[in-house]
Amino acid sequence: MFLGFDHLEQMLERASKTASDGYPPYNIEQLSRTALRITLAVAGFVMDDLQITQEDNQLVIRGRQADDTQGRVFLHRGIAARQFHKAFVLAEGIEIAGAWLDNGLLHIDLHRPEPEVRVKHIAIQQGSSGGAVRAPASPARDVELARDLPPVAEEEPFGRE
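What this report covers is the structure whose coordinates are included nearby. (Residues numbered from 1 in each chain as written. Predicted model: local features only at pLDDT ≥ 70, side-chain atom pairs only at ≥ 80, totals over all residues. Heavy atoms only, no water.)

So, the overall build of the chain
Moving on, step 1. Looking only at helices and strands, the chain has 2 helices and 7 strands in total.
Moving on, step 2. Traced from its N-terminal end to its C-terminal end, the chain shows the element sequence α-β-β-β-β-β-β-β-α.
Moving on, step 3. Counting across all 161 residues of the chain, residues that qualify as buried make up 19%.
Moving on, step 4. Contacts spanning at least 24 positions in sequence make up 53% of the contacts within the chain whose residues lie at least 6 apart.
Moving on, step 5. Of the accessible surface of the chain, which amounts to about 13600 Å², a share of 53% is contributed by carbon and sulfur atoms. (Helix = DSSP H or I, 4+ residues; strand = E, 2+ residues; numbered from the N terminus. Buried < 20%, exposed > 50% of the residue type's maximum accessible area, 1.4 Å probe, protein only. Contact = heavy atoms within 4.5 Å. Areas by Shrake-Rupley, 256 points an atom, 1.4 Å probe, with all protein chains shown as cover.)

Written out as structure tokens, the structure reads:
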């Protein structure tokens, strides 16, 4: 049973709203257990045309080329020169390690730190409710319940005799 994953639905909704356009094409490769690389084919873009931001748990890549077609006559135009917006939803804890542009490919390295093992010991209390959270009741009812409870005796911690 999973508890506290209410934000998962919001993340899935956000991911489905991102453009399903295949431009620009991209690869996602796993470099190691904790490292990923996203590579986008951005031929014709220079660094000043590209912007990478992290908005909450979303990696957003935007590209916008300046219009340099003035005075040029194209007989055929097969090279895309359009703006784009790509978004990737990142899991909790993913960090952006860096980005670089090389031969028309934009590379973005991501890193997921090894999770720390956390152990928390929970004290066990005597009684029927054990200090658990109850639905609110009227103040008069709380007084009645308090009278019915047996007194709590101090007990020695584990390991002492």
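Concerning the sheet that holds strand E2 (residues 35–41)
Moving on, step 1. Read across the sheet, 4 strands follow the order E1-E2-E7-E6 without closing on themselves; strand pairing throughout is antiparallel. Here the strands that pair on one side only, and so sit at the sheet edges, are strand E1 (26–30) and strand E6 (95–102). Across the sheet, the mean angle from the axis of one strand to that of its neighbour is 15°, orientation sign disregarded.
Moving on, step 2. Looking at chain direction, E2 and strand E7 (residues 105–111) are connected through 7 bridges and run antiparallel. In the strand pairing of E7, Ile38 is matched with Ile108. (Pairing = 2+ DSSP bridges. Axes fitted to C-alpha atoms, helices over the stretch in contact; angles between N-to-C directions.)

Some details on the pattern of salt bridges
Moving on, step 1. Counted by the stated rule, this structure contains 3 salt bridges.
Moving on, step 2. Put simply, Arg37 and Asp109 hold a salt bridge, and the shortest N to O gap is 2.6 Å. Pair noted here: Arg37 is in strand E2 and Asp109 is in strand E7, with a separation of 72 residues, a long-range link.
Moving on, step 3. The closest approach of N and O atoms between Arg62 and Glu55, which form a salt bridge, is 3.4 Å.
Moving on, step 4. The class for Glu55 is partly exposed, based on a relative accessible area of 34%. (Salt bridge = Lys/Arg side-chain N within 4 Å of Asp/Glu carboxyl O.)

Some details on the environment of Gly104
Moving on, step 1. Its place among the elements puts Gly104 in the loop between E6 and E7.
Moving on, step 2. Separated by 59 residues in the primary sequence, Gly104 and Phe45 have C-alpha atoms spaced 7.1 Å apart.
Moving on, step 3. Excluding its chain neighbours within four sequence positions, the residues that come into contact with Gly104 are Leu40, Ala41, Val42 and Ala43.

Here's the deal with the packing of aromatic side chains
Moving on, step 1. Summed over all chains, the structure comprises 3 aromatic pairs.
Moving on, step 2. Both rings, one in Tyr26 and one in Phe88, keep their centres 5.2 Å apart while their planes meet at 85°; by these two values the pair is edge-to-face. With Tyr26 in strand E1 and Phe88 in strand E5 (residues 84–89), the pair connects residues that are 62 residues apart, well separated along the chain.
Moving on, step 3. For Tyr26, a relative accessible area of 38% puts it in the partly exposed group.
Moving on, step 4. The class of Phe88 is buried, set by a relative accessible area of 10%.
Moving on, step 5. One residue, Arg77, lies across the ring of Phe74, its end atom 4.6 Å from the ring centre.
Moving on, step 6. Here the basic side chain of Arg82 rests over the ring of Tyr23, its NZ or CZ set 4.2 Å away from the ring centre. (Phe/Tyr/Trp six-rings, centres within 6.5 Å; stacked < 30°, edge-to-face > 60°. Lys NZ or Arg CZ within 6 Å of the ring centre and 35° of its normal.)

Some details on the nonpolar core
Moving on, step 1. Residues Leu40, Leu59, Ile61, Phe84 and Ile108 are the most contacted members of the largest nonpolar core, which totals 15 residues.
Moving on, step 2. With 3 residues, the top contributor of residues to this core is E7.
Moving on, step 3. Look past the residues within four positions of Leu59 in its chain and what remains in contact with it is Ile38, Ile52, Thr53, Lys86, Ala87, Phe88, Leu90, Ile96, Ile108 and Leu110. (Core = buried A, V, L, I, M, F, W, Y, C linked by side-chain atoms within 4.5 Å.)

Some words on the side chain of Thr34
Moving on, step 1. Summarising the element assignment, Thr34 is placed in the loop between E1 and E2.
Moving on, step 2. Here Thr34 is in contact with Leu110, His111, Arg112 and Glu114, once residues within four sequence places are set aside.

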